[in-house]
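Structural overview for review
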Amino acid sequence: MEKFQKSQETAPAPNVREAISANAYCYADYSYKVIMERIKEFETGLDDEHEVAVKLASFGQAITMSVSDIGYSNPSTLIFYGYVGEQYATLVQHMSQLNFLLLAVKKKWLY
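Attention here is on the structure that accompanies the text. (Residues numbered from 1 in each chain as written. Predicted model: local features only at pLDDT ≥ 70, side-chain atom pairs only at ≥ 80, totals over all residues. Heavy atoms only, no water.)

Some words on the pattern of salt bridges
Throughout the structure, instances matching the rule amount to two salt bridges. Taking the shortest distance from any N to any O, the salt bridge between R38 and E41 comes out at 3.5 Å. Of this pair, R38 and E41 both sit in helix α2 (residues 28-43), three residues apart, which is roughly one turn of the helix. When its relative accessible area of 42% is taken as the criterion, R38 is described as partly exposed. Taking the shortest distance from any N to any O, the salt bridge between K106 and E49 comes out at 2.9 Å. Here E49 lies in the loop between α2 and β1 (50-56) and K106 lies in strand β5 (residues 100-106), a separation of 57 residues in the sequence. (Salt bridge = Lys/Arg side-chain N within 4 Å of Asp/Glu carboxyl O. Helix = DSSP H or I, 4+ residues; strand = E, 2+ residues; numbered from the N terminus. Buried < 20%, exposed > 50% of the residue type's maximum accessible area, 1.4 Å probe, protein only.)

Right, dumping it as structure tokens:
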């Protein structure tokens, strides 16, 4: 999974640098960190027979996706990799559309 980075640029002036830092929460990498923290927190309550899945509600119906990895592309895109049923799926989601429910589901296979 590729995480896009800015090309090398000249460092911004101090007042611009402060504005960028203050608004960093608006970028996908910040949302990624928050989501990963919440998933890890959720996983601490699971036994060895369960894993995390997300229920997505933005397709006119609810879809459950077993997420195997998450990535991002700044400034505003998150990418979810996993399975919907038996089918491999990749969800490319703009942060403004992000809304899901974490679920505990039975693992299909034990590692």
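What about empty space enclosed by the protein?
According to the stated counting rule, one finds one cavity of 30 Å³ or more in the structure shown. Taken as a whole, the largest cavity spans an internal volume of roughly 50 Å³. Taken together, 10 residues form the lining of the largest cavity, with L56, L91, Q93, L98 and N99 sitting closest to its centre. Here the residues of the lining of the largest cavity sort into six nonpolar, four polar and no charged. (1 Å grid on protein atoms, 1.4 Å probe; cavity = no way out; pocket = protein on both sides within 12 Å on 5 of 7 lines; lining within 4 Å. Points joined across faces, edges and corners; volume = space filled by probe spheres on them. Nonpolar A, V, L, I, M, F, W, Y, C, P; charged D, E, K, R; others polar.)

Considering the environment of I63
When you line up the elements, I63 lands in strand β2 (residues 63-73). Expressed as a C-alpha distance, the spacing of I63 and V84, which sit 21 residues apart in the sequence, is 7.4 Å. In contact with I63, not counting residues within four places along its chain, are V54, K55, L56 and V84. (Contact = heavy atoms within 4.5 Å.)

Observations regarding unusual backbone geometry
Following N74, the chain continues into P75 via a peptide bond in cis, with omega recorded as 15°. Examined against the element boundaries, P75 turns out to sit in the loop between β2 and β3 (77-84).

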